[in-house]
Amino acid sequence: MTRSAHDSEKGVALSNIGSYEERLENFDWGIAREVLSWSDDELLNIGAICSDRICARGHADKVALIWEGFGDRKSTYTFRDLKVRSNGFAQFLVDQGVAPGDRVCLFMDKIPSLYFSFLGVLKMGGIAQPLFCAFGDESLEVRLASAGTKAILTTQKHVKKVRKIMERLPELTHVIVVQGNPEKLKDGEVFFDVESAPPVEEFDVYRSGPETPSVLHYTSGTTGQPKGAQHVHGSIWGQVLTTSWVLDLRDDDVYWCTADPGWVTGTSYGIIGPWALGITQCVLDSGFTSSRWYQFIQDNRVTVWYSAPTAIRSLMRDGEEVARGYDLSSLRHLASVGEPLNAEAVVWSEKTYGLPFLDTFWQTETGSIMISNYPGMTIRPGSMGKPFPGITAAVLDLKTHEPIEEPGNVGLIAFRPGWPSMFREYRNQPDVYRGKFAGAPDGAAPDELRANPDLWYVSGDRSSIDADGYYWFVGRDDDVINTGGHLVGPFEIESALVEHEAIAEAAAIGKPDKVNMEVVKAFVTLNPGYEASGDLELNVMNFIRKKLSPLAMPQEIEYMDKLPKTRSGKILRRYLRAIEWGEEVGDLSTLEDD
Ligand code: PRX
């Protein structure tokens, strides 16, 4: 199958990447500087690059953000607005005593202030820590405690969760409410509505450099609580070049990234890459329905759309006829990330929109797209495509960690370290960081690991590579659950489950789901005096939804007399998972026994 997005019939002759093969041969990350027309005396600060710099280059009046919320709320902001509103946040934070290097959590819906404050935090040298606002108080608490967060920007709608945990977070000294009724604030909270405050024309932007910490994203693993992947301002080179070559954005595009900035897609490609390039973006802050989404594309003449397989499958479920009711002719390029994009979805989108969704693969830790299909490349539906030029990728033998040469054999997806947007550390967890590198010398520091071209950063996913170099995703190599493109850690869910008075022990796994790929299923044993019942199941589900998030809420709870364990008492999630997925359970003696 070949792409039609750049056919001359659409009036667009060339893609930004041109020939993938030629780019591979002549690659140099310095090309990203050319793409931005960068001169080396400029200030490398993502907040300023995405706003002040676009204004300084003569595009202050260009629309930066078209925002729509529930109902018919709609507003439009120019790059000048981005500049003065992000300045507003930056100045306010400085006035409050927030200093460079402090972690500032952004905990709100996808409202305009989320975007302004993200840039504002970076402009004053702070570390932006966006968190998905559907997180419950416990999910919020572990991430704020781990980050030693100093300030949180939130809204009246979400501040209650912060109040519940405040007293256990001594380092969290500033609670700033950016939307709502100022009269509803509690003692110690501050109100700041940037849109009704006077615009701040000038702000003395923090003199950051390529290694200055910028964004901190939390991501879940199999064991332990979530880990904070720390990014730096120099990540921008990876984000800009992939935005140009994969998302193919041009000056006159209207781009829609459906991801929430609480997750890495929503910052790398929902803020940084596109705005650094001065592209007009749209944000829709309302729930999903197919018709609402199509209406949004039609009304805003969206040209490039970056979304996720779960959304695409939901659109498929609602059928082609719904799509036919809208004028979607503005679309010229579609891409997808976060979960396996099944071949049927690619074929369906080609049939329905005249364009296939192009799959892209990457992670919170990688900061930018690593494996992808490219405009103009022949795509193989179901394949993730090929490594981005400048990325050295391989699949490693599961045991020896040597690259597999034989096409079609399954191994661990791995990358040679050192690309610009690679995460610099897991906050306060150097051992866990080291554990991500095959062959890492004992005690090696994060900087040494990143600079060592003989190591492999191991992604935690399995894939094969076909004879032509296309990657085919197989599954994760760990117990992390991917529900609708969002990772949830089983440990977090299990820890929360056993806090419920009725539950003695718990195991959480992903069970297959048609739309979300996986949903959470919990296996529990009960404390004496409790009986299995439908009511209890509902009660437990709600308990987890409130504490953690709707994503982590088990969709099913199975009561057991005892959970399968290793001799040393570790719960055998892989065994439960195999049964759930109808896979070979295998020889139990070969399962982990540590
Ligand atoms: O398991 C892979 C899956 O999502 C994981 C990364 O999740 P996160 O760090 O939250 O970042 C998501 C968005 C960048 C990966 O380790 N994943 C991501 N993209 C794909 C994918 N699985 C299959 N196909 C993809 N294209």
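The structure presented is a predicted model; accordingly, all values stated were derived computationally and were not measured.

Once that is clear, we can look at the nonpolar core. Core analysis: the largest hydrophobic core is formed by 102 residues, its most contacted members being Trp275, Tyr306 and Phe415. Each of domain 1 (20–361) and domain 2 (392–476) accounts for three or more of the residues forming this core. Leu315, Leu328, Leu334 and Leu355 belong to the second-largest nonpolar core, a separate cluster that totals 27 residues.

In this section: the site of the ligand. Looking at the ligand, there are 19 residues lining it, with Asp359, Thr360, Gln363, Thr364 and Asp461 nearest. Measuring from a nitrogen atom of the ligand, one finds a backbone N or O atom of Glu339 at 3.2 Å. Within the side chain of Asp461, one N or O atom sits 2.5 Å away from an oxygen atom of the ligand. Mapped by element, the contributors of at least two residues to the shell around the ligand are α10 (264–276), β14 (357–361) and β22 (471–476). At three residues, the largest contribution of residues to the shell around the ligand is made by β14. Grouping the constituent residues of the shell around the ligand by class yields eight nonpolar, seven polar and four charged. When residues of the shell around the ligand are assigned to domains, at least three map to each of domain 1 (20–361) and domain 2 (392–476).

What follows deals with the side chain of Glu138. With respect to the helices and strands, Glu138 occurs in helix α7 (residues 137–147). Every residue in contact with Glu138, bar those within four places of it in the chain, is listed here: Ala496, Glu499, Lys547 and Leu548.

To continue, consider the sheet that holds strand β2 (residues 74–78). A sheet is described by the order of its strands in space; here nine strands give the open sequence β2-β1-β11-β10-β12-β13-β14-β15-β16, paired in mixed fashion. With partners counted over all chains shown, the strands left at the sheet margins are β2 and β16 (386–387), one partner each. Pairing of strand β1 (residues 63–69) with strand β11 (residues 280–285) involves five bridges; the strand directions are parallel. Across the sheet, residue Ile66 finds its bridge partner in β11, namely Cys282. Sheet contacts for helix α11 (residues 290–300): β1, β2, β10 (254–257), β11 and β12 (304–307); angle to β11, the most-contacted strand, approximately 150°.

All right, on to the domain arrangement of the chain then. Looking at the chain, the domain boundaries give domain 1 (20–361), domain 2 (392–476) and domain 3 (481–581). The C-alpha centroid of domain 3 is placed 30 Å from the C-alpha centroid of domain 2.

Counting across every chain of the model gives six cavities of 30 Å³ or more. Estimated volume of the largest cavity: approximately 60 Å³. Around the largest cavity, the lining residues are Phe135, Ser139, Arg143, Ser220, Trp263, Leu487, Val488, Glu492, Leu548, Ser549 and Ala552. At the level of elements, α7 and β24 (486–488) are the ones that each hand at least two residues to the lining of the largest cavity. The class makeup of the residues in the lining of the largest cavity is six nonpolar, three polar and two charged. In this structure, the lining of the largest cavity is formed jointly by two domains, domain 1 (20–361) and domain 3 (481–581), each of which donates at least three residues.

Calculation notes
Residues numbered from 1 in each chain as written. Predicted model: local features only at pLDDT ≥ 70, side-chain atom pairs only at ≥ 80, totals over all residues. Heavy atoms only, no water. Core = buried A, V, L, I, M, F, W, Y, C linked by side-chain atoms within 4.5 Å. Buried < 20%, exposed > 50% of the residue type's maximum accessible area, 1.4 Å probe, protein only. Domains from an automatic or database assignment. Near = heavy atom within 4 Å. Polar contact = N/O pair within 3.5 Å; in protein donor to acceptor, adjacent residues only side chain to side chain. Helix = DSSP H or I, 4+ residues; strand = E, 2+ residues; numbered from the N terminus. Nonpolar A, V, L, I, M, F, W, Y, C, P; charged D, E, K, R; others polar. Contact = heavy atoms within 4.5 Å. Pairing = 2+ DSSP bridges. Axes fitted to C-alpha atoms, helices over the stretch in contact; angles between N-to-C directions. 1 Å grid on protein atoms, 1.4 Å probe; cavity = no way out; pocket = protein on both sides within 12 Å on 5 of 7 lines; lining within 4 Å. Points joined across faces, edges and corners; volume = space filled by probe spheres on them.

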